[in-house]
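Chain and residue survey
Residues per chain, in single letters:
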Amino acid sequence: MQDVHDAQAWDQFYQYYRTFVLNFARNRGCSAQMAQDVLQESLITLTKVMPNFRYDRVKGRYRTYLLTIVSSRIVDAFRRERKYQEFRNSDDEPAERLDTLADKWVSEWEHDWEKQWQQHLLIQALERVKKRVKPYIFESFRLYVLEQRPASEVTTTMDIPENTIYQHRRRVIAMLQEEIEAIKLEIGES
Amino acid sequence: MSDDFERQLVTAYKQTQESDELEDNSLRLRKTRMLLLDNPPPFEPGAYILVVQVDVAPYWSTLSAGLTIGRTDEAGLKIVGKWVSTVHCKFNQDESDWFVEDLESTNGLQVNGTEHDRHFLSEGDAIQVGNCLLIFLQVREDETLIQ
């Protein structure tokens, strides 16, 4: 039986990587269900090949290895999906071609994998900052920076001076930087 | 703070707004993982199911194309449990992909909590046959154990 520490480390790993893997698969063209399959199979593969896997021991060097697993599982998901369609429409191309494309895809995905990871970090940091600041501060940041509304519109909508909007922006950006560094430290990338 | 940082932030934020609501299967995946850790899968490449029944220790069974599951000797693999039909379902293979089919069982076939007549299997899929659970797994040639 695995100990409590293992369960906690696994939960932490799952929390960091779940939406990242799902979104990565979705951005490669997987449906929501296919993306869930990719996540599930990637986690199962990890459990099989690394039964003694402890996220806190391998976290720094883990992400590159995960790309290899996730890429293979995305190819598997596409192959199965095509077979579902073949059941419905026998005129479809045979499924084998996908396997020959797999290596090409993986090399092409390497850049996106890192790019999406950086975006994922930003969103994780944003979620944390949202919990730290007062709602009206985050709201002015959301409208002005994230939604890119004009400052004049935000002052009217929120009934706050324009200068306050800029202060909120600086404050939230500084907090975002802090949180990004904190997350990197937690996952062993700092 | 650079404009580049803000640009990246806005791009990432927009993507989250566009993405679908993502279903959280964490509880099921966690249970499956614990089952696999407590019952390590075979090393030999192949396809397997972990058979989990009430009052019987879980065990691995090798899948072969056409294998049927049911509660009597008519089935290729006999399992003991409530709401299991005489011959309940059948596993089959399409090249490297496996699927499971309901054989007009009385209580149906569920995979990951959803009713299916036929379902292409992903590793870790939980197949409910009556009150028995079958966890599907494949051991591939290129998978090596990392300690």
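Structural notes, computed from the coordinates.

What counts and how
- Residues numbered from 1 in each chain as written.
- Chains lettered and ligands numbered in written order.
- Predicted model: local features only at pLDDT ≥ 70, side-chain atom pairs only at ≥ 80, totals over all residues.
- Heavy atoms only, no water.
- Core = buried A, V, L, I, M, F, W, Y, C linked by side-chain atoms within 4.5 Å.
- Buried < 20%, exposed > 50% of the residue type's maximum accessible area, 1.4 Å probe, protein only.
- Contact = heavy atoms within 4.5 Å.
- Pairing = 2+ DSSP bridges.
- Helix = DSSP H or I, 4+ residues; strand = E, 2+ residues; numbered from the N terminus.
- Buried area = accessible area lost by both parts, 1.4 Å probe.
- Salt bridge = Lys/Arg side-chain N within 4 Å of Asp/Glu carboxyl O.
- Polar contact = N/O pair within 3.5 Å; in protein donor to acceptor, adjacent residues only side chain to side chain.
- Nonpolar A, V, L, I, M, F, W, Y, C, P; charged D, E, K, R; others polar.
- Phe/Tyr/Trp six-rings, centres within 6.5 Å; stacked < 30°, edge-to-face > 60°.
- Lys NZ or Arg CZ within 6 Å of the ring centre and 35° of its normal.

Turning next to the nonpolar core. Generally speaking, a soluble globular protein has its nonpolar side chains buried in company with each other. Judged by nonpolar contacts, the single largest core of 56 residues is most densely connected at Ile 74, Leu 126, Phe 141 and Leu 176 of chain A. The residues touching Phe 141 of chain A, leaving out its near neighbours within four places in the chain, are Leu 126, Leu 146, His 168, Arg 169, Val 172, Ile 173 and Leu 176 of chain A together with Leu 9 of chain B.

Further remarks concern the sheet that holds strand β3 (residues 68-70) of chain B. Residue and element names in this part refer to chain B. Read across the open sheet, the five strands follow the order β4-β3-β5-β6-β9; overall the sheet is mixed. At either margin of the open sheet sits one strand with a lone partner, and together these are β4 (77-78) and β9 (118-120). Note: strand β6 (residues 97-102) against β9, three bridges, orientation antiparallel. Paired with Val 100 across the strands is His 119, a residue of β9.

Another point: the interface of chain B and chain A. Contact with chain B, which involves 51 residues of that partner, is made by 52 residues of chain A. Summing both sides of the interface, chain B and chain A together bury roughly 4800 Å²; the carbon and sulfur share of this comes to 56%. Remark: the boundary between chain B and chain A carries four salt bridges. With a closest N to O distance of 3.2 Å, Arg 140 of chain B and Asp 76 of chain A form a salt bridge. Our count for the contact surface shared by chain B and chain A stands at 16 residue pairs in polar contact (both at pLDDT 80 or more). Looking at the side of chain B that touches chain A, the elements with two or more residues in it are α1 (3-18), α2 (26-38), β9 and β11 (132-139) of chain B. Among the elements that take part in the side of chain B that touches chain A, α1 of chain B stands out by supplying eleven residues, more than any other. Residue composition of the side of chain B that touches chain A, by class: 18 nonpolar, 16 polar and 17 charged.

A few words now on the environment of Ile 44 of chain A. Among the structural elements, Ile 44 of chain A can be located in helix α2 (residues 32-49). Look at Ile 44 of chain A and you get buried, because its relative accessible area is 2%. Not counting chain neighbours up to four residues away, the residues in contact with Ile 44 of chain A comprise Thr 32, Leu 36, Glu 123, Gly 124 and Leu 137 of chain B.

The next point concerns the packing of aromatic side chains. Residues and elements named next belong to chain A. Enumeration over the complete set of coordinates arrives at twelve aromatic pairs over all chains. A ring pair is formed by Phe 20 and Phe 24, whose centres lie 6.5 Å apart and whose planes are at 50°; its orientation type is tilted. Within this pair, Phe 20 and its partner Phe 24 are both found in helix α1 (residues 4-27), separated by four residues, close to a single helical turn. Taken as a pair, Phe 20 and Phe 24 share a single burial class, namely buried. Note on Phe 24 and Trp 109: the rings are 6.2 Å apart at their centroids and 85° apart in plane angle, and the pair reads as edge-to-face. Of the two residues, Phe 24 sits in helix α1 while Trp 109 sits in helix α4 (residues 97-132), which places them 85 residues apart along the sequence. Residue Trp 109 is classed as buried on the basis of its relative accessible area of 8%. Pairwise contacts between aromatic rings join Phe 13, Tyr 17, Phe 20, Phe 24, Trp 109, Trp 113 and Trp 117 into one cluster. It is Arg 28 that lies over the ring of Phe 24; its NZ or CZ is 4.3 Å from the centre.

Everything listed here is a matter of geometry and, on its own, says nothing about what the molecule does.
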